[in-house]
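Now for the letters of each chain:
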Amino acid sequence: NKHYSVDLFIKNNGLDKLRKQLTSLLYGKEGIDKRWDDFRTNIRDIGPAIMSELLCRIAPNKYILWNKKAQIAFQNLDVENVPTNNSGLDGKTYAFLCETGRNLIKEAQAGGYAEIDDMLSLNFFMWQELQEAIGKPNKKNDAKESIPQVETKETKKIKTFVHNDVRDRIRYIGDMLGFNATVEKKVA
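Residues numbered from 1 in each chain as written. Predicted model: local features only at pLDDT ≥ 70, side-chain atom pairs only at ≥ 80, totals over all residues. Heavy atoms only, no water.

Undergrad: Looking at this structure, I do not really get the confidence of the model for the chain. What am I missing?
TA: Residues shown with low pLDDT carry predicted positions that ought not to be read at fine detail. Of the residues in the chain, 82% reach a pLDDT of 70 or more, and the chain-wide mean stands at 81. Throughout residues 137-150 the model reports pLDDT below 50, and contacts reaching past four residues in sequence, or to other chains, amount to 14 contacts. (pLDDT = per-residue confidence, 0-100. Contact = heavy atoms within 4.5 Å.)

Dropping the structure here:
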């Protein structure tokens, strides 16, 4: 059922709310940091990977695709402050990653890689060309310290993102298994 996920997004968020939040995320006048945080706070079941895919589709020169392979590639390129999980990816961090991606594109073009001209081609490069580096220790560090861990302060906002992410994934698994799964429903 190809429409299952879309139907689930609509069911859990409401079509009007989803439409309003998507419009704000993709076309809003505020900075991407504010739009990103608003969307993550108000919409369930749509995480950073889908959000970044939509943003990159609308503006491939501005917004980076963010997924696990991009995260590992950035870490192997020694980019500082790369979040190690989705809960650490707030709007400010996503804006920083987009700026870093634009700088990487400039460096690639200056190095003779004219085919890397937007965030989509940068992501393709990370998937195709950095496969050997992905998952392997950084040459500058020993195997034990191959992926730098960023110290993040556990704020209430991050704890809420983590809680909601885990809660929604468990409900999603229940739905996929055919159960009538809901979140935070009073039982007694």
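Undergrad: Sorry, what's going on with the packing of aromatic side chains here?
TA: How two aromatic rings sit relative to each other is set out by the distance from centre to centre and by the angle between their planes. Under the criterion given, the structure shown has four aromatic pairs. Taken together through their ring pairs, the aromatic side chains of W36, Y63 and Y94 make up a single cluster. (Phe/Tyr/Trp six-rings, centres within 6.5 Å; stacked < 30°, edge-to-face > 60°.)

Undergrad: What is the right way to look at the packing of helix α2 (residues 15-27) against helix α3 (residues 32-42) in this model?
TA: The geometry of a pair of packed helices is captured by two quantities: the angle between their axes and the separation between those axes. In the contact formed by α2 and α3, the axes pass within 9 Å of each other and the chain directions differ by 160 degrees. As the angle between them shows, α2 and α3 are arranged roughly antiparallel. Considering how the two elements wind past one another, α2 and α3 form a crossing that is left-handed. Together, K17, Q21, L22, S24, L25 and L26 of α2 and I32, R35, W36, D38, F39 and N42 of α3 make up the contact between the two elements. Partitioned by chemical class, the residues of the contact of α2 with α3 number six nonpolar, three polar and three charged. (Axes fitted to C-alpha atoms, helices over the stretch in contact; angles between N-to-C directions. Helix = DSSP H or I, 4+ residues; strand = E, 2+ residues; numbered from the N terminus. Parallel < 35°, antiparallel > 145°, perpendicular 65-115°, else oblique. Left-handed = near helix turned anticlockwise from the far one by under 90°. Nonpolar A, V, L, I, M, F, W, Y, C, P; charged D, E, K, R; others polar.)

Undergrad: Looking at this structure, I do not really get the pattern of salt bridges. What am I missing?
TA: When charged atoms on two side chains of opposite charge get close, those side chains can pair. On inspection of all chains with the given rule, the structure shows three salt bridges. Here D38 and K34 are joined by a salt bridge, their closest N and O atoms 2.9 Å apart. Here D38 and its partner K34 are both found in helix α3, four residues apart, which amounts to about one turn of the helix. What makes D38 partly exposed here is its relative accessible area of 24%. For E99, the salt bridge is made with R102, and the minimal N-O distance between the two is 2.9 Å. Taken as a pair, E99 and R102 lie in helix α6 (residues 91-110) at a separation of three residues, close to a single helical turn. (Salt bridge = Lys/Arg side-chain N within 4 Å of Asp/Glu carboxyl O. Buried < 20%, exposed > 50% of the residue type's maximum accessible area, 1.4 Å probe, protein only.)

Undergrad: I keep staring at the packing of α2 against helix α4 (residues 48-58) and nothing clicks. Help me out?
TA: Look at α2 against α4: their axes get within 9 Å of each other, and the N-to-C directions meet at 55 degrees. Between α2 and α4, the angle is such that the two are oblique. Once α2 is placed against α4, the crossing between them reads as right-handed. Between α2, through L22, L25, L26 and Y27, and α4, the contact on the second element is made entirely by M51, L54, L55 and I58.

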